[in-house]
Amino acid sequence: METIHLDDFLTNGILKEKDFRKKVEDLEWNQYKNKKVLIKGCTKAPVPIWSYLIIATELSHYAKSVFFGEPCSLVKIYSKD
């Protein structure tokens, strides 16, 4: 299972919308094609709910299934099945 960490989208330890959207736009989403992907629930800084929704929306075009949370307690939020 592939994991997306929202910490990778932070700028100087915080989520800045303009920078976040640019990083989302620049990400190679094809790397998640037909894979199970976890959007990790914990980050080093508070992030708004919309950031998870944007990531999940992008993944829905490529991933086989998308999960949210921690590896020990996954919640499926999308599946192509």
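Residues numbered from 1 in each chain as written. Predicted model: local features only at pLDDT ≥ 70, side-chain atom pairs only at ≥ 80, totals over all residues. Heavy atoms only, no water.

> Which residues make up the overall build of the protein, and what are the values?
Within the protein, the regular secondary structure consists of two helices and four strands. Helices and strands appear in the protein in the N-to-C order β-α-β-α-β-β. Against the 2.2 N^0.38 benchmark of 12 Å for 81 residues, the protein shows a C-alpha radius of gyration of 12 Å, consistent with a compact globule. Taken along its principal axes, the extent of the C-alpha atoms in the protein is 35 × 25 × 15 Å. (Helix = DSSP H or I, 4+ residues; strand = E, 2+ residues; numbered from the N terminus. Rg over C-alpha atoms; globule rule 2.2 N^0.38 Å.)

> Now, about the sheet that holds strand S3 (residues 65–70): what can you tell me, with residues and values included?
The four strands are arranged S1-S2-S3-S4 in an open sheet whose pairing can be described as mixed. Sheet topology places strand S1 (2–4) and strand S4 (73–79) at the edges, where each strand pairs with a single neighbour. Taking each pair of neighbouring strands and ignoring which way they run, the sheet shows an average axis angle of 30 degrees. Both S1 and strand S2 (residues 36–40) contribute to a ladder of three bridges, which runs parallel. Following the sheet pairing, Thr3 is matched in S2 by Leu38. Across the sheet, helix H2 (residues 49–59) lies against S1, S2, S3 and S4, angled at about 170 degrees from S2, the strand it touches most. (Pairing = 2+ DSSP bridges. Axes fitted to C-alpha atoms, helices over the stretch in contact; angles between N-to-C directions. Contact = heavy atoms within 4.5 Å.)

> Account for the environment of Asn34, naming residues and giving values.
Looking at where Asn34 falls in the secondary structure, it is placed in the loop between helix H1 (17–26) and S2. Sequence spacing of Asn34 and Tyr52 is 18 residues, and the spatial spacing of their C-alpha atoms is 20 Å. For Asn34, the contacting residues outside a window of four places in its chain are Tyr62, Ala63, Lys64 and Lys80.

> Could you give me a rundown of the pattern of salt bridges, with the residues and numbers involved?
With the rule as written, the count across this model stands at four salt bridges. Residue Glu2 pairs with Lys35 through a salt bridge whose shortest N-O separation is 3.7 Å. With a gap of 33 residues between them, Glu2 in strand S1 and Lys35 in the loop between H1 and S2 connect regions that are remote in the sequence. A salt bridge links Glu70 to Lys40; its shortest N-O distance comes to 2.9 Å. Residue Glu70 is found in strand S3, and its partner Lys40 is found in strand S2; the two are separated by 30 residues along the sequence. (Salt bridge = Lys/Arg side-chain N within 4 Å of Asp/Glu carboxyl O.)

> Break down the nonpolar core for me, with residues and values.
Ile4, Phe20, Val24, Trp29, Ile39, Ile55 and Leu59 are the most contacted members of the largest nonpolar core, which totals 20 residues. Ranked by residue count, the leading element in this core is H2, at five residues. Not counting residues within four places of it along the chain, the set of residues in contact with Phe20 comprises Phe9, Leu15, Trp50, Ser51, Ile54 and Ile55. (Core = buried A, V, L, I, M, F, W, Y, C linked by side-chain atoms within 4.5 Å. Buried < 20%, exposed > 50% of the residue type's maximum accessible area, 1.4 Å probe, protein only.)

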